[in-house]
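# Working through the structure, step by step
What follows is each chain in one-letter form.
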Amino acid sequence: MENRVGVIAIVIEDLSSAPKVNETLHSFANIIVGRMGIPYKEKGVSVISIIIDGTTDEISALTGKLGRIPKVNVKSAITKN
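These remarks concern the structure in this document. (Residues numbered from 1 in each chain as written. Predicted model: local features only at pLDDT ≥ 70, side-chain atom pairs only at ≥ 80, totals over all residues. Heavy atoms only, no water.)

A few words now on the nonpolar core. Counting residues in each nonpolar core, the largest one holds 17 residues, and the members touching the most others are Ile10, Val21, Leu62 and Leu66. Dropping the residues within four chain positions of it, Ile10 is found in contact with Val21, Leu25, Ser46, Val47, Ile48, Ile50, Leu66, Val72 and Asn73. (Core = buried A, V, L, I, M, F, W, Y, C linked by side-chain atoms within 4.5 Å. Buried < 20%, exposed > 50% of the residue type's maximum accessible area, 1.4 Å probe, protein only. Contact = heavy atoms within 4.5 Å.)

This is how it looks when you write it as structure tokens:
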């Protein structure tokens, strides 16, 4: 299976979920190219964007695990080829 490049947007609505998000991202470090995280204290959320390079199975596994964490919203966009 060939690799795809993409971006994953993560919005953490409850900061108590942040350790689980970080643990999950660490377990997929092999497909993460870069990461930017911004705490938006005025709104009480944190926003993280992840640049990824992996197979569709790897990307789906990552977004699926993140999406199952309470109070975490995840969206992704990947290349078609």
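Turning our attention to the sheet that holds strand S3 (residues 45–54). The four strands lie next to each other as S2-S3-S1-S4, forming an open sheet whose pairing is antiparallel. Only two strands of the sheet have a single neighbouring strand rather than two, namely strand S2 (32–40) and strand S4 (72–78). Strand-to-strand twist in this sheet, taken as the mean axis angle between neighbours without regard to direction, amounts to 15 degrees. Relative to S3, S2 is paired through eight bridges, and the arrangement is antiparallel. The residue of S3 that forms the bridge with Ile32 is Ile52. Docked against the sheet, helix H1 (residues 18–27) engages strand S1 (4–12), S2, S3 and S4, running at close to 165 degrees with respect to S1. (Pairing = 2+ DSSP bridges. Helix = DSSP H or I, 4+ residues; strand = E, 2+ residues; numbered from the N terminus. Axes fitted to C-alpha atoms, helices over the stretch in contact; angles between N-to-C directions.)

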